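As a plain string of letters, each chain reads:
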Amino acid sequence: MFFCAVLLNAAPEETADSPPSGTPSLEITLRTEGPQAGEVHAGQTFLWRIIVRWYGGGPQINPEIKKEPIFENLTVLTRSTTLRTGSTDDRLFHEKEFLYTLRPNNEGDAIIGASAVAYTQPDSGSAGQEAYLTAPPLVLTVSPAPFSWSEAVGNAARNPYGQFAGAFLILAAGVGVTLWRWRRSKRTESQGLPAATTDPALEALDEADRFRLEGDRARYVRMLEKAVLLALKKRQPDIEGGLSAFRGRLEEPERAVLARFLDECEQVKFAPSIPSPDQLDRIRDEAKRLVSPA
């Protein structure tokens, strides 16, 4: 959203009441900056700015909010002010920004009311007098809050029915993993493969899948890292150390795959919220490519 108000005081002709002919004229503008259409969601913060820029007059122009906007269906989280200086086309300007951090409360309409900024006139004939720039009101359409796994899990944990359903799912997952491992062991026995010939890296991948079904994402990621480390050390036993030791030591495309894998693992282990199923699938796919390269 963009609004611009311009006030231009041309340098007057030299008279008894006029400033000297060398006095620069004041050119001052106001604009607002905020989110684009469709980017405002209930419960998610966004930034809205009032920016005043002027050429001539120097810092003594000193714009200040004279009438702050009224915010409807919006919570003001923070306010801040920044003064800066720059140049465009060899013209020196000063700029003052009034920054608001806002959070929509509910879906529907949200209104940022009209606002006014006062500044000090620099001309000798009106020195010290206030003048004003205004910004019109702004109406935003607030979309529903996007789906959040962390919020859904939190709500379910507080609901007695959700707690019961969660316990049932964990129990069902445990039974499913037990049956899957039993069938896998039977299949291995039927193929007559001795336990000593099993690939430890592939076993670590299978263990990672079990931890994911149990909801232990930290152990899931660590087991995937173990699987990749076992596979790389088997192919390049001369490299010592952990996974980071293989950075830059692999040939493409494995080098790029390892970099993505390590970055994804760090994000999952230290993310403040529960990662999405797509993100967990993506990490396993990268690990599988490193364990069993084509």
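Residues numbered from 1 in each chain as written. Predicted model: local features only at pLDDT ≥ 70, side-chain atom pairs only at ≥ 80, totals over all residues. Heavy atoms only, no water.

## Things to note about the overall build of the protein chain
Heads up, the condition is: Secondary structure follows DSSP: runs of H or I at least 4 residues long count as helices, runs of E at least 2 residues long count as strands, and numbering of each begins at the N terminus. Relative accessibility under 20% of the residue-type maximum defines a buried residue, over 50% an exposed one, and the middle range a partly exposed one, all with a 1.4 Å probe and only protein chains included. The contact rule is simple, with two residues in contact once any of their heavy atoms fall within 4.5 Å. With residues, only the protein chains shown are counted as cover, and all accessible areas are computed by Shrake-Rupley using a 1.4 Å probe.
When you go through the protein chain residue by residue, the secondary structure sums to six helices and 11 strands. Going through the 294 residues of the protein chain one by one, you find that 33% of them count as buried. For the protein chain, restricting intrachain contacts to residue pairs at least 6 apart in sequence, the fraction spanning at least 24 positions comes to 65%. Surface accessibility of the protein chain: about 17800 Å² in total, with carbon and sulfur atoms responsible for 54%.

## What about the pattern of salt bridges?
To keep it simple, the criterion reads: The term salt bridge refers to a side-chain nitrogen of Lys or Arg lying within 4 Å of a carboxyl oxygen of Asp or Glu.
Inspection of every chain in the model, using the stated rule, returns 21 salt bridges. Across the pair Arg-84 and Glu-95 runs a salt bridge whose closest N-O atoms are separated by 2.9 Å. Placement of the pair is Arg-84 in strand S6 (residues 74-88) and Glu-95 in strand S7 (residues 91-104), with a sequence separation of 11 residues. Since its relative accessible area comes to 31%, Arg-84 is described here as partly exposed. The exposure class assigned to Glu-95 is buried, which follows from its relative accessible area of 4%. Between Arg-260 and Glu-286 there is a salt bridge; the shortest N-O distance is 3.1 Å. Taken as a pair, Arg-260 in helix H5 (residues 254-270) and Glu-286 in helix H6 (residues 277-291) lie far apart in primary sequence, 26 residues in all.

## Points about the nonpolar core
Put simply, the rule is: Residue types Ala, Val, Leu, Ile, Met, Phe, Trp, Tyr and Cys, when buried and joined through side-chain atoms within 4.5 Å, form a set referred to as a nonpolar core.
If you look at the biggest cluster of nonpolar residues, it comprises 28 residues, and the most contacted ones within it are Leu-224, Val-228, Leu-258 and Phe-261. Of all the secondary-structure elements, those providing two or more residues to this core are helix H3 (200-213), helix H4 (217-235), H5 and H6. For this core, the leading source of residues is H4, giving eight residues. Look past the residues within four positions of Phe-261 in its chain and what remains in contact with it is Leu-224, Glu-225, Val-228, Leu-243, Ile-283, Glu-286, Ala-287 and Leu-290. Judged by nonpolar contacts, the second largest core, of 26 residues, contains Phe-98, Ala-131, Ala-135 and Leu-138.

## Observations regarding the packing of aromatic side chains
The condition that has to hold: By convention, a stacked pair of Phe, Tyr or Trp rings (six-membered ring in the case of Trp) has centres within 6.5 Å and planes under 30 degrees apart, an edge-to-face pair has planes over 60 apart, and any other such pair is tilted. Whether a charge sits over a ring depends on NZ of Lys or CZ of Arg being within 6 Å of the ring centre and within 35 degrees of the ring normal.
Counted according to the given criterion, the structure contains four aromatic pairs. Residues Phe-71 and Tyr-100 carry aromatic rings whose centres are separated by 5.6 Å and whose planes lie at 50 degrees to one another, so their mutual orientation is tilted. On the criterion of sequence distance, the pair formed by Phe-71 in strand S5 (residues 71-72) and Tyr-100 in strand S7 is long-range, its members being 29 residues apart. Each member of the aromatic cluster is reached from another via a ring pair, and the members are Trp-48, Phe-71 and Tyr-100. In this structure, Arg-53 is placed above the aromatic ring of Phe-93, and the distance from its NZ or CZ to the ring centre is 3.8 Å. Across from the ring centre of Tyr-55, 4.1 Å away, lies the NZ or CZ of Arg-91, which sits over that ring.

## Points about the sheet that holds strand S11 (residues 138-142)
Inclusion rule: By the convention used here, strands pair only if DSSP detects at least 2 bridges between them.
As summarised here, the arrangement of the three strands in space is S5-S8-S11, forming an open sheet in which the pairing is antiparallel. What marks the edges here is a single partner per strand, and that holds for S5 and S11. For S5 and strand S8 (residues 108-112), the ladder comprises two bridges, and the chain directions are antiparallel. Note that in S8 the partner of Phe-71 across the bridge is Ile-112.

## Thoughts on the packing of H5 against H6
To keep things clear, this is the line we draw: Axis angles are defined between N-to-C directions and span 0 to 180 degrees, where every axis is a line fitted to C-alpha atoms and, for a helix, only to the segment in contact. Each helix crossing is assigned a hand: it is left-handed if the near helix lies turned anticlockwise from the far helix by less than a right angle, otherwise right-handed if that turn is clockwise. Nonpolar residues are Ala, Val, Leu, Ile, Met, Phe, Trp, Tyr, Cys and Pro. Charged residues are Asp, Glu, Lys and Arg, and all others, Gly as well, are polar.
In the contact formed by H5 and H6, the axes pass within 9 Å of each other and the chain directions differ by 145 degrees. Crossing hand, H5 versus H6: left-handed. On H6, the residues touching Glu-254, Val-257, Leu-258, Arg-260, Phe-261, Glu-264, Cys-265, Gln-267 and Val-268 of H5 are Gln-279, Leu-280, Arg-282, Ile-283, Glu-286, Ala-287, Arg-289 and Leu-290. Taken together, the residues of the contact of H5 with H6 sort by class into nine nonpolar, two polar and six charged.

## A short note on the side chain of Glu-264
Its place among the elements puts Glu-264 in helix H5. Non-local contacts of Glu-264, meaning those with residues more than four positions away in its chain, are made with Gln-279, Arg-282 and Ile-283.

## Considering the pairing of strand S10 (residues 130-135)
Both faces of the sheet carry side chains from a regular strand, because those side chains alternate between them. Only one face of S10 is covered, namely the face carrying Ala-131, Leu-133 and Ala-135; the face carrying Glu-130, Tyr-132 and Thr-134 is uncovered. Sheet analysis places strand S9 (residues 115-120) next to S10, joined by six bridges and oriented antiparallel. Each residue of the ladder has a partner; that of Ala-118, found in S10, is Tyr-132.

Just distances and angles here, no functional claims.
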